[in-house]
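Read off the chains here:
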Amino acid sequence: MVAEVGPWAKEKLEILARYLDFYTKVLKNQPWRTLYVDAFAGGGRAKVRNKNEPISTPGLLETPDTQDSEQTEFLDGSPRVALGIANPFSRYVFIEPAPKRAEELSGLEAEFGDSRQITTLRLPAAEGIAWVTTQAISKSKHRGVAFLDPFGARLEWSSVQSLADTGLFEVVVNFALNMAINRMLPNDGNVPVAWAETLDRYFGSHEWFDEVYSSAAHGLFASTEIRKRDDYSVRLLELYRRNLKSAFGFVSTPRLICNTRGAPLYYLLWAGPHRKGLEGADYILRMGDKLPKVRKGST
Ligand SMILES: C[S@@+](CC[C@H](N)C(=O)[O-])C[C@H]1O[C@@H](n2cnc3c(N)ncnc32)[C@H](O)[C@@H]1O
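About the criteria used
- Residues numbered from 1 in each chain as written.
- Predicted model: local features only at pLDDT ≥ 70, side-chain atom pairs only at ≥ 80, totals over all residues.
- Heavy atoms only, no water.
- Near = heavy atom within 4 Å.
- Polar contact = N/O pair within 3.5 Å; in protein donor to acceptor, adjacent residues only side chain to side chain.
- Nonpolar A, V, L, I, M, F, W, Y, C, P; charged D, E, K, R; others polar.
- Pairing = 2+ DSSP bridges.
- Helix = DSSP H or I, 4+ residues; strand = E, 2+ residues; numbered from the N terminus.
- Axes fitted to C-alpha atoms, helices over the stretch in contact; angles between N-to-C directions.
- Contact = heavy atoms within 4.5 Å.

How should the site of the ligand be read in this particular structure?
Taken together, 18 residues surround the ligand, and among them Ser-78, Glu-96, Arg-101, Ala-125 and Asp-149 come closest. Between Arg-101 and the ligand, the recorded distance is 3.0 Å, taken from a side-chain N or O atom to an oxygen atom. In this structure, Ala-125 approaches the ligand through a main-chain N or O atom, which is 2.6 Å from a nitrogen atom. For the shell around the ligand, the per-class residue count stands at ten nonpolar, three polar and five charged.

Right under this line is the structure:
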């Protein structure tokens, strides 16, 4: 079954296309080999959900197939977006553990033949990124972009840090604040252990807890009351941005992606080691929803 995405996925992919276009143009006449790593690659194509169709479980791709075939619109996923840019990367690495989607990606290797150098890794992102960062790559010979677009909070900070440690990668990250992270934060502060461990891995420490909850001594016997802060969402976003800045050197302004009713879903963030990349990323991320259509298939 072809994956299904909300109409807002177009906005994300148009921003990605614009950034990859900017990046590869800037590096076009430079001596480095360029790498594109898609750590949560998905399949080659997705079906765009009709905006009037009810969403029973926002954030999950699979929903019942209720669309009229005449209305069906397909969207190139991020791997095809990256393969389709005018100045291709020297090498593409697609990481995807789901067998059907990994198979679709292997199909891209055959489809593009010698015109693109593609490696598909049927692995979870953490293992795929570990593979990438232990290849013979160096700052003197390579430059790269990693697109980190997980469902929810499946991106581990240690993977992001290892990309930063190479000194040659920039990242475009889907920070799934409203689609996933906020749903793991009950008002009373009793975060189930498994969720707390996921968030620890996602943020790289337990700092998120104090950004979300405050505690105050309460009553005669000074019992401690845990309260969820009113501004916890902004605090979490800023915590993640601070982490990115300290790992990479530069971090963009966040770009909020909303659903068709205007409800916030997630943020796109860029981080990297160069000011020039920051200027390009900020410009593209701020372009609002007036993005001109940049390529066939992503509209
Ligand atoms: C949001 S989708 C990616 C969409 C794709 N980047 C695009 O824009 O076309 C997330 C993908 O991550 C895959 N995935 C789930 N867990 C993963 C993990 N631990 N490591 C890597 N990929 C994972 C899912 O199978 C899914 O295809």
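What is the right way to read the sheet that holds strand 4 (residues 73–76) from this model?
Pairing between the strands of a sheet comes from backbone hydrogen bonds, and it takes one of two forms, parallel or antiparallel. The strand order across the open sheet formed by three strands is 1-3-4, and the pairing between neighbours is mixed. Both outer strands of the open sheet, strand 1 (3–5) and strand 4, are each paired with one neighbouring strand and no more. Direction aside, neighbouring strands of the sheet carry axes that sit 45 degrees apart on average. Both strand 3 (residues 45–48) and strand 4 contribute to a ladder of four bridges, which runs antiparallel. Bridge pairing in strand 4 links Val-48 to Glu-73. Relative to strand 4, helix 1 (residues 9–26) is tilted by about 30 degrees, and along the sheet it contacts strand 1, strand 3 and strand 4.

Purely geometric stuff here, so don't read any function into it on its own.
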